[in-house]
Amino acid sequence: MIQKLQCLITALKAESDPFIQHLRLKRNSALNFPYYVNQKLNIGLIGVGVGKKNIKSRINDFLNLIDHKDVQFINIGIVGGKKCSTNIGELFIINKILDDNSDSKYYPEIIVDHGMNESSITTVETPVLDGGKKYDTLVDMEAHEIFSTCSKFVPVHDISIIKLISDHMDGHELYNQPRIISELFKEKMNEIIHLINQFKLIE
C-alpha cells in the first residue's frame with residue numbers, strides 16, 4: 001500500500017510554526033509560497049494566508065508539484081467560538097461546514113477514533129466582533145473554501161478540519177499576538193499529532 005502524503009493547511013504563520021518545529025519540516029523553495037516538508041515522515045505543510053483568496057491556487061500548485069496520488073489534507077487553525085459554550089484553547093474536529101455567502105454545506109466523514117469535541121463551523125468573509133450573535137457555530141475564514149477545493153481531488157474521508165478556539169468574537173482576537181497562538185497549539189500538540197497519526201491509517 002502506498003503511504004499517503006499528509007498535507008497540513010494553515011492560514012497564519014503562528015499556526016504553522018509549532019508544527020514546523022515539532023515535525024521538523026524544512027522549507028521547500030519549489031513553490032513561491034510557504035511550503036514545508038519532512039520526506040521521511042511523508043508530511044508537508046502549506047500556508048494559504050487569511051481568507052479564501054489564495055486557497056484554490058495554492059492547493060492546485062501543491063498538487064501539480066507532488067507525484068503522490070494518495071493525499072490527505074488536514075486544515076489546522078484558530079476559530080472564534082461562543083463565549084457561553086467554548087473555552088480558549090479548546091480543540092474541535094469539524095463535522096459540518098457552512099458558508100456565510102453560500103448555500104452549499106459540507107459534511108466531513110469522520111471515521112477516525114478521536115477524543116475531541118465535534119462542531120459545525122461557518123466560514124465568513126470578515127472577522128466577527130459582536131460575540132457571534134447570528135452564529136450557532138464556530139466561525140473561521142477558510143474552512144469552507146479549503147474543503148470545497150480539496151474535495152475535488154480526494155475522497156471526503158481524506159480531509160480533516162481541526163480548529164482551536166482563540167477568541168469569543170468579542171474584539172479580543174489573538175491575530176496580532178502570534179506568540180500566544182503558537183503556545184496554544186503547543187499545549188495541544190500531542191492531541192493533534194495523535195489524530196494526525198490515526199488519520200494516516202485510513203485506507
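Everything below is about the structure shown above.
Since the structure is predicted, the reported quantities are computational estimates derived from the model, not experimental observations.

S.K.: Help me out: how do you make sense of the overall build of the chain in this one?
M.R.: A count of helices and strands for the chain gives 5 helices and 10 strands. For the chain, the C-alpha radius of gyration of 16 Å lies close to 17 Å, the compact-globule estimate for 203 residues. If one aligns the C-alpha atoms of the chain with their principal axes, the spans along those axes are about 45 × 35 × 35 Å. Among the 203 residues that make up the chain, the fraction classed as buried is 57%. Surface summary for the chain: the accessible area is close to 10000 Å², and the carbon and sulfur share equals 47%. Of the side-chain charges in the chain, 23 are positive and 26 negative, and the distance between the mean point of each set is 5 Å.

S.K.: Got a minute to help me understand the pairing of strand β8 (residues 117-123) in this structure?
M.R.: Along any regular strand the residues' side chains alternate between the sheet's two faces. Counted residue by residue, β8 has 5 buried out of 7 residues, so it is predominantly covered. As defined by bridge partners, β8 adjoins strand β9 (residues 138-140) across 3 bridges and the pair is classed as parallel. Within β9, the position partnered with Thr123 by the bridge is Asp140.

S.K.: Before we go on, may I ask you to explain helix α1 (residues 13-22) in this structure?
M.R.: Since the α-helix advances by 3.6 residues per turn, residues separated by three or four positions end up pointing in the same direction. Three or more residues of α1 are buried, namely Ala14, Glu15, Ser16, Pro18, Phe19 and Ile20. Where α1 is buried, its residues touch β1 (5-10), β3 (35-38), β4 (43-47), β5 (71-80), α4 (178-187) and α5 (189-200). Where α1 terminates, the next one or two residues include Arg24, which has phi positive at roughly 55°.

S.K.: What am I meant to see in the packing of helix α2 (residues 55-65) against helix α3 (residues 143-150) here?
M.R.: Describing two packed helices takes the angle between their axes plus the distance from one axis to the other. It is the contact of α2 with α3, at a shortest axis distance of 9 Å, that shows an interaxial angle of 40°. Considering their axes alone, α2 and α3 lie oblique with respect to each other. In the crossing of α2 with α3, the sense of the turn from one axis to the other is right-handed. From α2, Ile55, Lys56 and Ile59 reach across to α3, where they touch Glu145, Ile146, Thr149 and Cys150. Here the residues of the contact of α2 with α3 sort into 4 nonpolar, 1 polar and 2 charged.

S.K.: How do you make sense of the nonpolar core when you look at a structure like this?
M.R.: Generally speaking, soluble globular proteins have nonpolar side chains that are buried together. Judged by nonpolar contacts, the single largest core of 31 residues is most densely connected at Ile9, Ile46, Ile59, Phe62, Val71, Phe73 and Ile97. Mapped onto this core, the elements with two or more residues apiece are β1, β3, α2, β5, β6 (91-99), α3 and β10 (159-167). Those residues in contact with Val71 that lie beyond four places of it in its chain are Leu5, Cys7, Phe62, Leu63, Ile66, Val154 and Asp158. Of all hydrophobic cores here, the second largest spans 29 residues; its members include Ala14, Ile43, Ile93 and Ile202.

S.K.: Even after reading the chapter, I still don't get the packing of α1 against α5, so can you show me in this structure?
M.R.: It is at 12 Å that the axes of α1 and α5 come closest, and there the two elements cross at 70°. Here α5 runs roughly perpendicular to α1, going by the angle between their axes. Here Pro18, Phe19 and His22 of α1 lie close against α5, whose contacting residues are Met189, Ile192 and Ile193. Across the contact of α1 with α5, the residue classes break down as 5 nonpolar, 1 polar and no charged.

Rules used in this analysis
Here the residue numbering is sequential within each chain, running from 1 through the sequence in written order. Only residues with pLDDT of at least 70 get local features here, since the model is predicted, and only at 80 or more are side-chain atom pairs given and counted; chain-wide, interface and lining totals rely on the full set of residues. Excluding hydrogens and water, the side-chain figures rest on all heavy atoms present in the structure. Secondary structure elements are taken from DSSP: a helix is a run of H or I of four residues or more, a strand is a run of E of two residues or more, and numbering for both begins at the N terminus. Restricting the calculation to C-alpha atoms gives the radius of gyration, and the globule rule supplies 2.2 Å times the number of residues raised to the power 0.38. To sort residues, take the accessible area from a 1.4 Å probe on protein chains only and compare it with the maximum for the residue type: under 20% means buried, over 50% means exposed, and anything in between is partly exposed. Exposure was quantified through the Shrake-Rupley algorithm and a 1.4 Å probe, taking into account, for residues, occlusion by the shown protein chains and nothing else. Charged residues are defined narrowly, with Lys and Arg counted positive, Asp and Glu counted negative, and His plus the chain ends left uncounted. All charge positions are set by atom: Lys at NZ, Arg at CZ, Asp at CG, Glu at CD. By this definition, two strands are paired if DSSP reports at least two bridges between them. Note on contacts: a residue pair is in contact if any heavy atoms of the two residues lie within 4.5 Å. Simply put, an axis is a line fit to the C-alpha atoms, just over the touching stretch for a helix, and the angle between two N-to-C directions goes from 0 to 180 degrees. When an angle is under 35 degrees it counts as roughly parallel; over 145 it counts as roughly antiparallel; between 65 and 115 it counts as roughly perpendicular; any other value is oblique. Each crossing gets its handedness from the near helix: less than a right angle anticlockwise from the far helix is left-handed, clockwise is right-handed. Classification used: nonpolar for Ala, Val, Leu, Ile, Met, Phe, Trp, Tyr, Cys and Pro, charged for Asp, Glu, Lys and Arg, polar for all others including Gly. To define a nonpolar core, start from buried Ala, Val, Leu, Ile, Met, Phe, Trp, Tyr and Cys residues and group those joined through side-chain atoms within 4.5 Å.

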